[in-house]
Amino acid sequence: MKRIFPSLPAPPALLLALACMPAAHAGEVQVAVAANFSAPMRDIAAQFARDTGHRAVVATGATGKFYAQIRHGAPFEVLLAADEATPARLGREGLGVSGTRFTYATGRLALWSARAGYVDGAGTVLATGDFRHLAIANPKTAPYGAAAVAVLRKLGQLDRLQGRLVQGENIAQAQQFVSTGNAELGFVALAQVSRDGRLTGGSAWIVPASLHAPIRQDALLLKKGQGNPAARALLDYLASAPARAIIQSYGYAP
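Values in this document were obtained by computation on a predicted structure and should not be read as measured data.

Novice: Just checking my understanding: could you explain the overall build of the chain for this structure?
Specialist: Along the backbone of the chain there are 11 helices and 12 strands. Counting all 254 residues of the chain, 48% fall into the buried class. At a minimum sequence separation of 6, the contacts of the chain that also span at least 24 residues come to 79%. Split by element, the accessible area of the chain, about 12500 Å² in all, is 54% carbon and sulfur.

Printed below as a string of structure tokens:
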């Protein structure tokens, strides 16, 4: 006689273990990642592969550029944007999967110089410093660039410094201008120049969040990834404790 046993909920420890087991049929996911998130994503992708067996194939760049590429059929399956507006827009346009958008990180802006002691802790160098070039990301395509312009406007420095601005295509290029000495200082993502609460080099002013709109960075499952288990697994993983620990270690707000 067949015995039927009642279905019992699995203990939490077992559920966690099952979630971290490598997938029986590991796959890969094509991910478009905002330039400011390139370093954390490198670490997350490595841990994601170890924990799930899936592989994240990452392209980094400006969110505005990714939007145009996705509109023109680029093969991305997941978007990790530098803002919340772009994923929302893609969702409205039918290029994202409904109900999958969420904020994976909240960015912090920093005024940074590769030179130690050059940027003071209050950012007064913007008003008093004898510099020729101030790097920012393109405010039309990069949310961190738009935030930088908002900060300069709020501080009353935008008109005065307009002629000194040098624009990078994205936040990675803006940082490159500063790190190579082509600009004495620039607005970058805090995640690019810090780790575990400390600067990795140079000097910086962490811009108060009150000086610009929140930089909420949203993730979205794109229509091309709708049937890919690896794409959905990556989005789930971004909300996991291991991923959250990596994200916060790079200076993103909890």
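Resuming the write-up.
Novice: Before we go on, may I ask you to explain the side chain of Ser194 in this structure?
Specialist: Topologically, Ser194 is positioned in strand β9 (residues 194-195). Using a relative accessible area of 6% as the deciding quantity, one classes Ser194 as buried. There is a polar contact of 3.0 Å between the side chain of Ser194 and the backbone oxygen of Leu190.

Novice: Honestly, the sheet that holds strand β1 (residues 28-34) in this entry has me stumped. Any pointers?
Specialist: Whether parallel or antiparallel, the strands of a sheet pair through hydrogen bonds between backbone atoms. Within the open sheet, the five strands sit side by side as β2-β1-β3-β12-β4. Their pairing is mixed. Edge positions in the open sheet fall to β2 (55-61) and β4 (102-107), since each of these has one partner strand only. Each strand axis lies, on average, 20° off the axis of its neighbour in the sheet, ignoring direction. In the sheet, β1 pairs with β2 via seven bridges, with the strands oriented parallel. Each residue of the ladder has a partner; that of Val31, found in β2, is Val58.

Novice: How do you make sense of the nonpolar core when you look at a structure like this?
Specialist: Side chains that are nonpolar tend, in soluble globular proteins, to be buried together. Counting 61 residues, the largest nonpolar core has Phe37, Leu80, Leu126, Leu134 and Phe187 as its most contacted members. Broken down by element, this core gets its largest block of residues, seven residues, from helix α10 (residues 229-238). The next biggest cluster of nonpolar side chains, apart from the first, holds 11 residues, and it includes Ala32, Tyr67, Ala81 and Leu222.

Novice: What is the right way to look at the environment of Val125 in this model?
Specialist: With respect to the helices and strands, the residue Val125 is situated in helix α5 (residues 125-128). With relative accessibility at 5%, the residue Val125 sits in the buried group. Considering only alpha carbons, one finds Val125 and Leu185, 60 residues apart in sequence, at a separation of 9.5 Å. Discounting chain neighbours no more than four positions away, the residues touching Val125 are Leu111, Tyr118, Val119, Asp120, Phe131 and Leu185.

Novice: Would you explain the environment of Ala253 in this entry?
Specialist: Residue placement: Ala253 occurs in the segment after α11 (241-249). In this structure the C-alpha to C-alpha distance between Ala253 and Ile215, which are 38 residues apart in sequence, comes to 9.8 Å. Excluding residues that lie within four positions of it along the chain, Ala253 makes contacts with Thr106 and Arg108.

Novice: I'm lost on the pairing of strand β5 (residues 109-113) in this one. Help?
Specialist: For a regular strand, the rule is simple: side chains alternate between the two faces of the sheet. The buried count for β5 comes to five of five residues, which makes it a mostly enclosed element. Taking every second residue as pointing to the same face, both faces of β5 are buried, with Leu109, Leu111 and Ser113 on one and Ala110 and Trp112 on the other. Pairing of β5 with strand β8 (residues 185-189), which is carried by four bridges, proceeds in the antiparallel orientation. Across the sheet, residue Leu109 finds its bridge partner in β8, namely Ala189. By the bridge criterion, four bridges tie β5 to strand β11 (residues 203-206) in an arrangement that is antiparallel. Residue Leu111 lies in a different strand from β11, and its bridge partner there is Trp205.

Novice: Looking at this structure, how should I read helix α8 (residues 171-179)?
Specialist: An α-helix turns once every 3.6 residues. As a result, residues three or four positions apart point the same way. Buried within α8 we find Ile171, Ala174, Gln175 and Val178. One side of α8 holds all its buried residues, which, seen down the axis, span an arc of 95°. Turning to α8, the residues buried within the fold contact β5, β6 (134-137), α6 (143-154), β7 (165-168), β8 and α9 (190-193). Regarding α8, its N-cap is Asn170, as a side-chain oxygen of that residue lies 3.0 Å from the backbone nitrogen of Ala172 further along. After α8 finishes, the residue Gly181 shows a positive phi value of roughly 85°.

Novice: What is the right way to look at the packing of helix α2 (residues 38-52) against α11 in this model?
Specialist: Think of two packed helices as two axes; the pair is described by the angle between the axes and how far apart they sit. Look at α2 against α11: their axes get within 9 Å of each other, and the N-to-C directions meet at 160°. Taken together, the axes of α2 and α11 are roughly antiparallel relative to one another. In this structure, the crossing between α2 and α11 has a hand that is right-handed. For the pair formed by α2 and α11, the contact residues are Pro40, Asp43, Ile44 and Gln47 on the first element and Ala243, Ile246 and Ile247 on the second. Residue composition of the contact of α2 with α11, by class: five nonpolar, one polar and one charged.

Thresholds, definitions, all that
- Residues numbered from 1 in each chain as written.
- Predicted model: local features only at pLDDT ≥ 70, side-chain atom pairs only at ≥ 80, totals over all residues.
- Heavy atoms only, no water.
- Helix = DSSP H or I, 4+ residues; strand = E, 2+ residues; numbered from the N terminus.
- Buried < 20%, exposed > 50% of the residue type's maximum accessible area, 1.4 Å probe, protein only.
- Contact = heavy atoms within 4.5 Å.
- Areas by Shrake-Rupley, 256 points an atom, 1.4 Å probe, with all protein chains shown as cover.
- Polar contact = N/O pair within 3.5 Å; in protein donor to acceptor, adjacent residues only side chain to side chain.
- Pairing = 2+ DSSP bridges.
- Axes fitted to C-alpha atoms, helices over the stretch in contact; angles between N-to-C directions.
- Core = buried A, V, L, I, M, F, W, Y, C linked by side-chain atoms within 4.5 Å.
- Arc of directions from axis to C-beta.
- Parallel < 35°, antiparallel > 145°, perpendicular 65-115°, else oblique.
- Left-handed = near helix turned anticlockwise from the far one by under 90°.
- Nonpolar A, V, L, I, M, F, W, Y, C, P; charged D, E, K, R; others polar.

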